[in-house]
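Here is what each chain is made of, one letter per residue.
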Number of protein chains: 2
Amino acid sequence: MGRRRNNGRFAMPLDRSVVLKAALEQLDEVGLDEFSTRKLAAALGVRVGALYWHYPSKQALLDAVAEHIAADAAAAPLPDGDWAERLAAIARAHRDAMLARRDGARVIACMSAPGPMAHAFFERLVGVLREAGLDAEGAASAGDVLTSYVNGFTVEEQARGLRRQSEAHRERLFGFGVSVVIAGLRPLVEG
Amino acid sequence: MGRRRNNGRFAMPLDRSVVLKAALEQLDEVGLDEFSTRKLAAALGVRVGALYWHYPSKQALLDAVAEHIAADAAAAPLPDGDWAERLAAIARAHRDAMLARRDGARVIACMSAPGPMAHAFFERLVGVLREAGLDAEGAASAGDVLTSYVNGFTVEEQARGLRRQSEAHRERLFGFGVSVVIAGLRPLVEG
DNA sequence: ACCTGAACACCGTTCAAGT
DNA sequence: ACCTGAACACCGTTCAAGT
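All values reported here derive from a predicted model rather than from experimental measurement.

A. Representation of unusual backbone geometry in the model. Residues and elements named next belong to chain A. A positive phi angle, near 60°, is found at Asp103, a position not held by glycine. Tracing the sequence through the fold places Asp103 in the loop between α5 (83–99) and α6 (104–110). With relative accessibility at 12%, the residue Asp103 sits in the buried group.

B. Main features of the interface of chain B and chain A. Contact residues are listed per partner, giving 28 residues for chain B and 28 residues for chain A. Among the secondary structure elements, those contributing two or more residues to the side of chain B that touches chain A are α6 (104–109), α8 (136–159) and α9 (167–190) of chain B. It is α8(B) that provides the largest number of residues to the side of chain B that touches chain A, a total of 10 residues. Split by residue class, the side of chain B that touches chain A holds 19 nonpolar, 6 polar and 3 charged.

C. Seen up close, the packing of aromatic side chains. Using the criterion set out here, one finds 6 aromatic pairs over all chains in the structure. When the ring of Tyr149(B) is compared with that of Phe174(B), the centres are 6.0 Å apart and the planes differ by 10°; the resulting orientation is stacked. Of this pair, Tyr149(B) sits in helix α8 while Phe174(B) is found in helix α9, placing the two residues 25 residues apart along the sequence. Just as Tyr149(B) is buried, Phe174(B) falls in that class too. One aromatic cluster in this structure is built from Tyr149(A), Phe153(A) and Phe174(A). Cation over ring: Arg95(A) sits above Phe174(A), and NZ or CZ is 4.7 Å from the ring centre.

D. Up close: the protein's contact with DNA strand D. Residues in contact with DNA strand D amount to 20 residues; listed here are only the nearest, Thr37(A), Arg38(A), Tyr52(A), Lys58(A) and His54(B). Among the atoms of DNA strand D lying within 4 Å of the protein, the sugar-phosphate backbone contributes 62%. One of the side-chain nitrogen or oxygen atoms of Thr37(A) is found 2.7 Å away from a phosphate oxygen of DNA strand D. Between DNA strand D and Leu14(B) there is a distance of 2.8 Å, counted from a phosphate oxygen to a backbone nitrogen or oxygen. Listing elements by their share of the surface near DNA strand D, those giving two or more residues are α2 (37–44) and α3 (48–54) of chain A together with α3 (48–54) of chain B. If one sorts the elements of the surface near DNA strand D by residue count, α3(B) sits on top with 4 residues. Partitioned by chemical class, the residues of the surface near DNA strand D number 8 nonpolar, 6 polar and 6 charged.

E. Just helix α5 (residues 83–99) of chain B, in detail. Residue and element names in this part refer to chain B. Look at α5: 24 Å from first C-alpha to last across 17 residues, which is about the 24 Å you get at 1.5 Å a residue. All buried positions along α5 are accounted for by Trp83, Ala84, Arg86, Leu87, Ile90, Ala91, Ala93, His94, Arg95, Ala97 and Met98. At its buried positions, α5 is contacted by α4 (58–75), α6, α7 (116–131), α8 and α9.

F. View of the protein's contact with DNA strand C. With respect to spatial proximity, 20 residues lie near DNA strand C, and among them His54(A), Thr37(B), Arg38(B), Tyr52(B) and Lys58(B) are the closest. Contact between DNA strand C and Arg38(B): a base nitrogen at 2.6 Å from a side-chain N or O atom of the residue. Contact between DNA strand C and Lys58(B): a phosphate oxygen at 2.7 Å from a main-chain N or O atom of the residue. The element best represented in the surface near DNA strand C is α3(A), accounting for 4 residues. Among the residues forming the surface near DNA strand C, the class breakdown is 8 nonpolar, 6 polar and 6 charged.

Quick notes on the rules
Residues numbered from 1 in each chain as written. Chains lettered and ligands numbered in written order. Predicted model: local features only at pLDDT ≥ 70, side-chain atom pairs only at ≥ 80, totals over all residues. Heavy atoms only, no water. Helix = DSSP H or I, 4+ residues; strand = E, 2+ residues; numbered from the N terminus. Buried < 20%, exposed > 50% of the residue type's maximum accessible area, 1.4 Å probe, protein only. Contact = heavy atoms within 4.5 Å. Nonpolar A, V, L, I, M, F, W, Y, C, P; charged D, E, K, R; others polar. Phe/Tyr/Trp six-rings, centres within 6.5 Å; stacked < 30°, edge-to-face > 60°. Lys NZ or Arg CZ within 6 Å of the ring centre and 35° of its normal. Near = heavy atom within 4 Å. Polar contact = N/O pair within 3.5 Å; in protein donor to acceptor, adjacent residues only side chain to side chain. Expected span 1.5 Å × (residues − 1).

Okay, structure coming up:
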């Protein structure tokens, strides 16, 4: 009868996915700066040390959160349409996935290494650019320009500053930036 | 004779600028993740509490570091040449100023609010775009695209990933991205 | 296999009291 | 004006021991 309790129920043993789920909830509640393994353990009804059975470090846990965000970005549907429309859709999915979790853009920016989902996301982007006619190196470079822009914009937007601007204005500004990058890529694709 | 010692010398009272200078040194030595007010106090030969006389918080200190970086970026000389060359020079100065300090790009990304130097930097960028013929809103939007790209690229470059690529390759990739953004802006300026 | 208990080596911040 | 001393309320991580 010495089983661990959580929210009044006797709990199943933890596994990586329930720890990750609780981490996502804690991140949304307190933000990245206040995110702590000790609070997370308390929310799970467990002692801190228990988490280290499932994840080797706090950073590994945050990397799993980053992968979760990347998975969302990679899972968004790709519309029919020309390469420019598809690129714009990928950029929006990328930003939306980060905005969906508190400090999501900073979690992505601070991840220690891109995981399989981050690679899948980037490969889909590269795929669109290759279909548009770029070679492997050109597509990788062009993909890097777009993702760098989206990351930079969204970190700024989510962390501060743009917060006092209306959401409509931020939306317009982002759409403008995406169209600028795509316009800059156009001569490479069609040229 | 109870005066504070530092490096074997009797030290002058601290002020904001010597604390900032020591903070810049500590950042370069240990990086943002290991940066702590207690180590900083030790390096200054002082107790932790003393720092809080000069800066209200660790974040305020990091904001001062961010301002220092922004000042470097704003102070870089603007070449003669057309708007595109001037924009490219600003983008390079922006990246160089962040790369000059360990984790500089993340310090900029995590600053709580842009200070006067950050504004001065951005105003210079906007000035170039206005001289090129854009109106106030267009110049601000265009300036945002470029700075977002530079921030996103440099955070990624400095934090990880691109580290295993050669510096020459990163340089080329950055130059490519800047040229893409500028090409995307060209129709707005000249159209 | 999974978790507890307890420790270790740190943190940022506050503030009365000293000089 | 500027700093000390000392505390407060936390951290992330490790690991023998329990079940």
